[in-house]
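# Geometric and topological summary
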Amino acid sequence: RLLETTAPGINVFNAALAATGHVEFSPVTHGERILVVSLCFWSLIVIAAYTANLASVLINKEQANYPSVAAGMPVCVTKGLAISSKLKKSYPNANIIEVEGIHQKYDHLFEGKCDLVADYADTFETA
């Protein structure tokens, strides 16, 4: 026998589907409704867990550890770039040599004034 659409359980069922974002189902029996609500709730939990995990991976990346910078090896960086201030903040005892231009960093590297160059990959490829 089909259940009436004005029964109080129908409103609870429709509210549960609306809360989980699945409002296209129209089960007829109580068993079907319980199954659909259970599946909707399960998918809501799975999607929430996936979203939370993805957000934590994207936001809370561990800061890279550069033991050679911490050991005091000279690092050439372009003056005024964000990487310069980040290295100074992360490694207060680092031996950071700030230069004016991009090409000067690599000139210092080839001359032996710097052991490392902090730069972006695309700059390295075009320099």
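Residues numbered from 1 in each chain as written. Predicted model: local features only at pLDDT ≥ 70, side-chain atom pairs only at ≥ 80, totals over all residues. Heavy atoms only, no water.

Our focus in this paragraph is the overall build of the protein. Broken down by element type, the protein carries six helices and three strands. Long-range pairs, those at least 24 residues apart, make up 36% of the contacts in the protein with a sequence separation of at least 6. A total accessible area of about 9300 Å² is found for the protein, and carbon and sulfur atoms account for 62% of it. (Helix = DSSP H or I, 4+ residues; strand = E, 2+ residues; numbered from the N terminus. Contact = heavy atoms within 4.5 Å. Areas by Shrake-Rupley, 256 points an atom, 1.4 Å probe, with all protein chains shown as cover.)

Let's shift gears to the packing of helix α1 (residues 8–20) against helix α2 (residues 30–59). Following both chains from N to C, one finds α1 and α2 inclined at 25°, their axes separated by 9 Å at the closest point. When the axis of α1 is compared with that of α2, the two are roughly parallel. Considering how the two elements wind past one another, α1 and α2 form a crossing that is left-handed. Residue-level contacts link I10, F13, A16, L17 and T20 of α1 to R33, V36, V37, C40, F41 and L44 of α2. Here the contact of α1 with α2 is built from residues that sort into nine nonpolar, one polar and one charged. (Axes fitted to C-alpha atoms, helices over the stretch in contact; angles between N-to-C directions. Parallel < 35°, antiparallel > 145°, perpendicular 65-115°, else oblique. Left-handed = near helix turned anticlockwise from the far one by under 90°. Nonpolar A, V, L, I, M, F, W, Y, C, P; charged D, E, K, R; others polar.)

Another aspect to go through is the side chain of H108. Among the secondary structure elements, H108 is positioned in helix α5 (residues 102–111). In contact with H108, not counting residues within four places along its chain, are C76, V99, K113 and C114.

Of all residues in the protein, 83% have pLDDT values of 70 or greater, and the mean over the chain is 78. Confidence scores differ between elements of the protein, with helix α6 (residues 121–126) showing the lowest mean pLDDT of 65 and strand β2 (residues 96–99) the highest of 90. (pLDDT = per-residue confidence, 0-100.)

In space, the three strands of this open sheet follow the order β2-β1-β3, with parallel pairing throughout. Each of the sheet's edge strands pairs with one partner strand only, and the pair in question is β2 and β3 (116–117). The strands touched by α5 are β1 (75–78), β2 and β3; relative to β1, the strand with the most contacts, the crossing angle is about 170°. (Pairing = 2+ DSSP bridges.)

What follows concerns the pairing of β1. Because side chains alternate across β1, one face comprises the buried residues V75 and V77, and the other comprises C76 and T78, equally buried. With four bridges joining them, β1 and β2 adopt parallel strand pairing. Bridging across to β2, T78 finds its partner in V99. You can see the chain leave β1, run along helix α4 (residues 82–90) and come back into β2, and the turn it takes is right-handed. With two bridges joining them, β1 and β3 adopt parallel strand pairing. Within the sheet, the bridge partner assigned to V75 lies in β3 and is L116. (Buried < 20%, exposed > 50% of the residue type's maximum accessible area, 1.4 Å probe, protein only. Right-handed = clockwise from strand over helix to strand, strands pointing away.)

The first and last C-alpha atoms of α2 sit 43 Å apart over 30 residues, in line with the 44 Å expected at 1.5 Å per residue. Within α2, burial applies to R33, V36, C40 and S43. Turning to α2, the residues buried within the fold contact α1. (Expected span 1.5 Å × (residues − 1).)

Glancing now at the state of the cysteines. A full pass over the atoms with the stated rule returns one disulfide. Two residues, C76 and C114, share a disulfide whose sulfurs are 1.5 Å apart. Judged by the sign of its S-S torsion, about 55°, the cystine formed by C76 and C114 is right-handed. Note that C76 is positioned in strand β1 and C114 in the loop between α5 and β3, a separation of 38 residues in sequence. Across the pair, C114 and C76 agree in class, each one buried. (Disulfide = S-S within 2.5 Å.)

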